[in-house]
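# Coordinates in review
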Amino acid sequence: MTIVAGVIGWFASFELLTEYIKTLVNPAYSPNCNVSLLVTCGPNMVSNQGSIFGFTNTILGVAMFVVPIVVGVSLLAGARFASWFWRLYLLGIVFAITFVVWLMITSIFALGTLCPWCMVVWSMTIPLFWYTLLYTAKAGHLWLPEKLRKKFEGIYTWAWVFTVLTYFTVALTAQIHLNWIAEFSRAFS
């Protein structure tokens, strides 16, 4: 799961980056993710939120999605990481999910758009967060009492449920605020 989410997230970030560069080269260029007024990435790219650290956020995605890929490949190769590594990796994933939630809120409530490539990045960050959080808890990499750690062994098997519930929450929030179902109905009619 880590490798697949990392690869898909990296690809979406790379697509956003190349589309952003094309708009810099040719301001009249319409990015491939501009489907309608609601489903578009153009406003997100040029907004202040699109470059919160002084450069396009897409660079963060291209750089950071490499980490889950490397971790996943390393685990497949038989690597075993120390607890400090898992805590540091979880810290990076917590930064990622916090940033993604902020971007979701900004996109839905401030910009009033749903960026397709951004949504792919969101949808890959969400399971990375749940699986990493629950794995580090169940594997004893966090400072939890043994009794609580044992509970996480069972909770970990529900990571997919937490992921689906998070997807549902985001979709419902977007539906209530933006009515994206009506927009998709018009676009595909």
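The structure we're discussing is the one just above.
Fair warning: this is a prediction, and the values are worked out from it, not measured in the lab. (Residues numbered from 1 in each chain as written. Predicted model: local features only at pLDDT ≥ 70, side-chain atom pairs only at ≥ 80, totals over all residues. Heavy atoms only, no water.)

Another aspect to go through is the pattern of salt bridges. In this structure the tally under the stated criterion is 4 salt bridges. The partner of lysine 22 in a salt bridge is glutamate 19, with the nearest N and O atoms 3.4 Å apart. Taken as a pair, lysine 22 and glutamate 19 lie in helix 1 (residues 2-25) at a separation of 3 residues, close to a single helical turn. Residue glutamate 19 is classed as buried on the basis of its relative accessible area of 1%. Residue arginine 149 pairs with glutamate 146 through a salt bridge whose shortest N-O separation is 2.7 Å. (Salt bridge = Lys/Arg side-chain N within 4 Å of Asp/Glu carboxyl O. Helix = DSSP H or I, 4+ residues; strand = E, 2+ residues; numbered from the N terminus. Buried < 20%, exposed > 50% of the residue type's maximum accessible area, 1.4 Å probe, protein only.)

Axes are the key here: two packed helices are described by the angle between their axes and the distance separating the axes. Running from N to C, helix 1 and helix 3 (residues 57-64) cross one another at 150 degrees; their axes reach a closest spacing of 8 Å. For the pair helix 1 and helix 3, the sense of crossing is left-handed. Contact residues: Trp10, Ser13, Phe14, Leu16 and Leu17 in helix 1; Thr58, Ile59, Gly61 and Val62 in helix 3. Residue classes in the contact of helix 1 with helix 3 are distributed as 6 nonpolar, 3 polar and no charged. (Axes fitted to C-alpha atoms, helices over the stretch in contact; angles between N-to-C directions. Left-handed = near helix turned anticlockwise from the far one by under 90°. Contact = heavy atoms within 4.5 Å. Nonpolar A, V, L, I, M, F, W, Y, C, P; charged D, E, K, R; others polar.)

All right, on to the nonpolar core then. Ranked by size, the top nonpolar core spans 25 residues in total, and within it Leu16, Cys41, Met45, Tyr89, Met104, Trp122 and Leu128 carry the most contacts. Mapped by element, the contributors of at least two residues to this core are helix 1, helix 5 (83-111) and helix 6 (116-138). Sorting elements by how many residues they give to this core places helix 6 first, with 8 residues. Those residues in contact with tyrosine 89 that lie beyond four places of it in its chain are Thr2, Val67, Pro68, Val71, Leu128 and Thr132. Counting 6 residues, the second-largest nonpolar core is a separate cluster that includes Val39, Leu114, Ala174 and Leu178. (Core = buried A, V, L, I, M, F, W, Y, C linked by side-chain atoms within 4.5 Å.)

Right, let's get into the environment of valine 170. As for its position among the elements, valine 170 is in helix 8 (residues 159-178). The spatial distance from the C-alpha of valine 170 to the C-alpha of threonine 106 is 12 Å, given a sequence separation of 64 residues. Those residues within four positions of valine 170 in sequence are excluded, and the remaining contacts are Met104, Ile108 and Trp122.

With that out of the way, let us pick up the side chain of serine 107. For serine 107, the position within the fold is in helix 5. Judged by its relative accessible area of 1%, serine 107 falls in the buried class. Ignoring anything within four residues of it in the chain, the contact list for serine 107 reads Asn44, Gly112, Thr113, Leu114, Cys115 and Trp122.

Two elements in contact, helix 5 and helix 6, have axes separated by 9 Å at closest approach and are oriented at 145 degrees. Note that helix 5 runs across helix 6; the crossing there is left-handed. Mapping the contact onto sequence places Trp86, Tyr89, Leu90, Ile93, Val94, Ala96, Ile97, Val100, Leu103, Met104 and Ser107 in helix 5 and Trp122, Thr125, Ile126, Leu128, Phe129, Thr132, Leu133, Tyr135 and Thr136 in helix 6. Looking at side-chain class alone, the contact of helix 5 with helix 6 contains 16 nonpolar, 4 polar and no charged residues.

Using the criterion set out here, one finds 16 aromatic pairs in the structure. Relative to phenylalanine 85, the ring of tryptophan 84 has its centre 6.2 Å away and its plane inclined at 80 degrees; by these criteria the two rings are edge-to-face. An angle of 25 degrees between the planes, with centres 5.0 Å apart, marks the rings of tryptophan 130 and phenylalanine 162 as stacked. A residue pair is termed long-range when its members are at least 10 positions apart, and tryptophan 130 in helix 6 and phenylalanine 162 in helix 8 qualify at 32 residues. Aromatic ring contacts, followed pair by pair, group Phe81, Trp84, Phe85, Trp86, Tyr89, Tyr131, Tyr135 and Tyr156 into a single cluster. In this structure, lysine 138 is placed above the aromatic ring of tyrosine 156, and the distance from its NZ or CZ to the ring centre is 4.9 Å. (Phe/Tyr/Trp six-rings, centres within 6.5 Å; stacked < 30°, edge-to-face > 60°. Lys NZ or Arg CZ within 6 Å of the ring centre and 35° of its normal.)

Treat this as a map of the structure, not an account of what it does.
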